[in-house]
Amino acid sequence: ANVQWNRFDLADVATMDFDDRERQKFALRSGDLLVCEGGEPGRCAVWDGQLDPCFYQKALHRLRPKSGQVDPRLLMFRLWLGAMAGEFFESHAKTTIAHLPAVRLASLPLALPPIEKQHQIVRSLTNQLKVIVRAHAAAESRLEAASQLSREILRRCFSELSRAGLKRVRLGEILSLRREVIHPRDHPSGSATFVGLEHIEPG
């Protein structure tokens, strides 16, 4: 839960005991790439020493470049692309729980340009994604404003009706309510189409 795309949510951080050997093994360094193994496989962020000391646990992969010739943020963006493209989901898997084991992660192909080109790509992607984040926030704000407006219009309409002294009725007096339930699992291979709960969205 602490590892999000390109960021860490450290508002609620768990604690546990690590002995000396575990501290050596699981200690984080700046530049480490932490990758989710399950849940949303591939979701990752680069550790920048936000907490010191800090350690990771086994639900995560820690990727640490062997040399200064790899920008971990380029790897992060590559994994982000793979996750969005469904690269880490196996349609023939025996379980529906998405999972990215270490062996599969290590075999991920990556076009690796010289380190300066990597830095250039990372800067470009970072700047472009900042624009997208701002646009997304603005769109969310407009959607919330539209939702508030819709609620106010409906409230005003029915408030005016309530004040108009109209005859009041109950829904059961003017509508027919059907309660019968036919569950899809009872006839899973029928040819007729139907509307279910999952098809009805607010508004």
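Criteria and thresholds
- Residues numbered from 1 in each chain as written.
- Predicted model: local features only at pLDDT ≥ 70, side-chain atom pairs only at ≥ 80, totals over all residues.
- Heavy atoms only, no water.
- Helix = DSSP H or I, 4+ residues; strand = E, 2+ residues; numbered from the N terminus.
- Rg over C-alpha atoms; globule rule 2.2 N^0.38 Å.
- Buried < 20%, exposed > 50% of the residue type's maximum accessible area, 1.4 Å probe, protein only.
- Contact = heavy atoms within 4.5 Å.
- Areas by Shrake-Rupley, 256 points an atom, 1.4 Å probe, with all protein chains shown as cover.
- Core = buried A, V, L, I, M, F, W, Y, C linked by side-chain atoms within 4.5 Å.
- Pairing = 2+ DSSP bridges.
- pLDDT = per-residue confidence, 0-100.
- Axes fitted to C-alpha atoms, helices over the stretch in contact; angles between N-to-C directions.
- Parallel < 35°, antiparallel > 145°, perpendicular 65-115°, else oblique.
- Left-handed = near helix turned anticlockwise from the far one by under 90°.
- Nonpolar A, V, L, I, M, F, W, Y, C, P; charged D, E, K, R; others polar.

Q: I tried to follow the overall build of the protein on my own but got confused; where do I start?
A: Counting its regular elements, the protein contains 5 helices and 5 strands. When the elements of the protein are put in sequence order from the N terminus, they spell out β-β-α-β-β-β-α-α-α-α. Against the 2.2 N^0.38 benchmark of 17 Å for 203 residues, the protein shows a C-alpha radius of gyration of 26 Å, more extended than a compact globule. Summarising its shape, the C-alpha atoms of the protein cover approximately 80 × 45 × 40 Å along the three principal directions. Expressed as a percentage of the 203 residues in the protein, the buried residues total 20%. Residue pairs at least 24 apart in sequence account for 73% of intrachain contacts in the protein once pairs closer than 6 positions are excluded. With the model as given, the accessible surface of the protein reaches about 16,200 Å², and the carbon-plus-sulfur share is 56%.

Q: Would you mind showing me how to read the nonpolar core here?
A: A general feature of soluble globular proteins is that nonpolar side chains tend to end up buried together. Among the nonpolar cores identified, the biggest contains 15 residues, and L33, V35, C44, M76 and L79 are the most heavily contacted of them. Of all elements in the fold, only β3 (33-36), β4 (44-46) and α2 (72-84) reach the threshold of two or more residues within this core. For L79, the contacting residues outside a window of four places in its chain are W5, L33, V35, G42, C44, F88, L105 and L108.

Q: Got a minute to help me understand the pairing of β3 in this structure?
A: Residues in a regular strand project their side chains so that they alternate between the two faces of the sheet. Neither face of β3 is exposed, since L33 and V35 on one face and L34 and C36 on the opposite face are all buried. Here β3 runs beside β4; their pairing, made up of 3 bridges, is antiparallel. Note on β4: the bridge partner recorded for V35 is C44. Summarising the sheet, β3 and strand β5 (residues 60-63) pair through 4 bridges and their orientation is antiparallel. Within β5, the position partnered with L33 by the bridge is L63.

Q: Looking at this structure, how should I read the environment of G31?
A: By the secondary structure assignment, G31 is in the loop between α1 (20-26) and β3. Among residues more than four places away in sequence, those in contact with G31 are V46, W47, L63, P65 and P72.

Q: Looking at this model, I keep getting lost on the confidence of the model for the protein. Mind explaining?
A: Fine structural detail should not be taken from predicted coordinates in areas where pLDDT scores are low. Overall, the predicted model of the protein reaches an average pLDDT of 88, with 96% of residues at or above 70. The lowest-confidence element of the protein is helix α3 (residues 102-106), averaging 89 in pLDDT; the highest-confidence one is β4, averaging 95.

Q: Just checking my understanding: could you explain the packing of α2 against helix α4 (residues 115-163) for this structure?
A: A pair of packed helices is captured by two measures, namely the crossing angle of their axes and the spacing between those axes. Close contact between α2 and α4 brings their axes to 9 Å; oriented N to C, the two are set at 55°. Judged by the inter-axis angle, α2 sits oblique to α4. Crossing of α2 over α4 shows left-handed handedness. Residues R73, L74, F77 and W80 of α2 touch α4, and the partners they reach there are Q118, I121, V122, L125, T126 and L129. A class-by-class count of the residues in the contact of α2 with α4 yields 7 nonpolar, 2 polar and 1 charged.

Q: Can you walk me through the sheet that holds β3 in this structure?
A: Each strand in a sheet pairs with its neighbour through backbone hydrogen bonds, running either in the same direction (parallel) or in the opposite one (antiparallel). Across the sheet, which stays open at both edges, the 3 strands sit in the order β4-β3-β5 with antiparallel pairing between neighbours. At either margin of the open sheet sits one strand with a lone partner, and together these are β4 and β5. If you compare each strand with its neighbour and ignore which way they point, the axes differ by 20° on average. In the packing of α2 onto the sheet, the strands contacted are β3 and β4, and the crossing angle to β4 comes to about 165°.

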